[in-house]
Amino acid sequence: EAGVVQSPRYKIIEKKQPVAFWCNPISGHNTLYWYRQNLGQGPELLIRYENEEAVDDSQLPKDRFSAERLKGVDSTLKIQPAELGDSAVYLCASSRDRSSYEQYFGPGTRLTVT
Amino acid sequence: GQSLEQPSEVTAVEGAIVQINCTYQTSGFYGLSWYQQHDGGAPTFLSYNGLDGLEETGRFSSFLSRSDSYGYLLLQELQMKDSASYFCAVRGGSYIPTFGRGTSLIVHP
């Protein structure tokens, strides 16, 4: 089966610019996660989707970050405007449902804000 | 809230056995998982413990003691390709996942 697909793989933008990341989860996976991973740190959950419903978004900086999951499949994470501190790897993961303990991660998008 | 503690770095030689410990604090508990991540790569699932005891998967084993809020990952017959970061992750209340800061494993020839 195809894995989790993310694009772009790399993105360099200037601060105050907008940026968007796209994720296509494994087919049939109802739960989708967005994580941010800073260098030398573990993934930090930003938001979790159960089908098209956003749950567990307490760590999402809502003043500048937004996310959506159209029809419970693909998802987009947006930052507007970006700040220097947003430089990180943004990982998308999916699992069959919220009780599944195994998450499948995409390759991530490495964002550099200059 | 949830928090996890694991060593920042462990070194070992090829063929050896290494243990990476993880202690956690969580409100609600639905299991402890372990993930491996090579530099520049995506985390990949290694093992899961929902109940106390040892789970074995090839050269990797994972242990959980819920009463001690403690688990470990055991890697046997270390190979150079095992050099990577290893993360423990706990699923707390409402199945919210929280990852540790990661342990960098360096395997020397």
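Residues numbered from 1 in each chain as written. Chains lettered and ligands numbered in written order. Predicted model: local features only at pLDDT ≥ 70, side-chain atom pairs only at ≥ 80, totals over all residues. Heavy atoms only, no water.

Comments concerning the pattern of salt bridges
Under the criterion given, the structure shown has 8 salt bridges over all chains. E83(A) is paired through a salt bridge with R64(A); the nearest N and O atoms lie 3.3 Å apart. Placement of E83(A) in the loop between β8 (75–79) and β9 (88–95) and of R64(A) in the loop between β6 (53–55) and β7 (65–69) is noted, with a sequence separation of 19 residues between them. In this structure, the salt-bridge partner of R59(B) is D82(B), at a minimum N-O distance of 2.8 Å. You can see R59(B) sitting in the loop between β6 (53–57) and β7 (60–65) and its partner D82(B) sitting in the loop between β8 (70–75) and β9 (84–91), a full 23 residues away along the chain. The exposure class assigned to D82(B) is buried, which follows from its relative accessible area of 2%. Salt bridges sharing partners connect three or more residues here, namely R48(A), E50(A) and D56(A). (Salt bridge = Lys/Arg side-chain N within 4 Å of Asp/Glu carboxyl O. Helix = DSSP H or I, 4+ residues; strand = E, 2+ residues; numbered from the N terminus. Buried < 20%, exposed > 50% of the residue type's maximum accessible area, 1.4 Å probe, protein only.)

Thoughts on the side chain of T98(B)
Residue and element names in this part refer to chain B. Tracing the chain through its elements places T98 in strand β10 (residues 97–99). Relative accessible area serves as the criterion here: at 18%, T98 is assigned to the buried category. Of the polar contacts made by the side chain of T98, one reaches the side chain of Q2; its length is 2.3 Å. Once residues within four sequence positions are removed from consideration, T98 is found in contact with Q2, L4, C88, A89 and V90. (Polar contact = N/O pair within 3.5 Å; in protein donor to acceptor, adjacent residues only side chain to side chain. Contact = heavy atoms within 4.5 Å.)

Here's the deal with the environment of V4(A)
Residue and element names in this part refer to chain A. Mapped onto the elements of the fold, V4 is located in the segment before β1 (5–7). Spatially, the C-alpha atom of V4 lies 9.5 Å from that of G108, the residues being 104 residues apart in sequence. Residue contacts for V4: discarding those within four places in its chain leaves C23, N24, P25, I26, C92, S94, Y104, F105, G106 and P107.

Looking at unusual backbone geometry
Residue and element names in this part refer to chain A. Residue P8 is bonded to the preceding S7 through a cis peptide linkage, with omega at -10 degrees. Mapping P8 onto the fold places it in the loop between β1 and β2 (10–13). Note the cis peptide between Q80 and P81, where omega equals -5 degrees. Mapped onto the elements, P81 comes out in the loop between β8 and β9.

So, the layout of surface pockets
The space that makes up the largest pocket amounts to roughly 550 Å³. Q37(A), L39(A), G40(A), R110(A) and Q37(B) are, among the 27 residues lining the largest pocket, the residues nearest its centre. Elements supplying a minimum of two residues to the lining of the largest pocket: β9 and β11 (109–113) of chain A together with β9 and β11 (103–108) of chain B. With 3 residues, the top contributor of residues to the lining of the largest pocket is β9(A). By residue class, the composition of the lining of the largest pocket is 8 nonpolar, 15 polar and 4 charged. The computed volume of the second largest pocket comes to approximately 440 Å³. L45(A), Q59(A), Q2(B), P97(B) and T98(B) are, among the 21 residues lining the second largest pocket, the residues nearest its centre. (1 Å grid on protein atoms, 1.4 Å probe; cavity = no way out; pocket = protein on both sides within 12 Å on 5 of 7 lines; lining within 4 Å. Points joined across faces, edges and corners; volume = space filled by probe spheres on them. Nonpolar A, V, L, I, M, F, W, Y, C, P; charged D, E, K, R; others polar.)

By themselves, these are just geometric observations and shouldn't be taken as functional.
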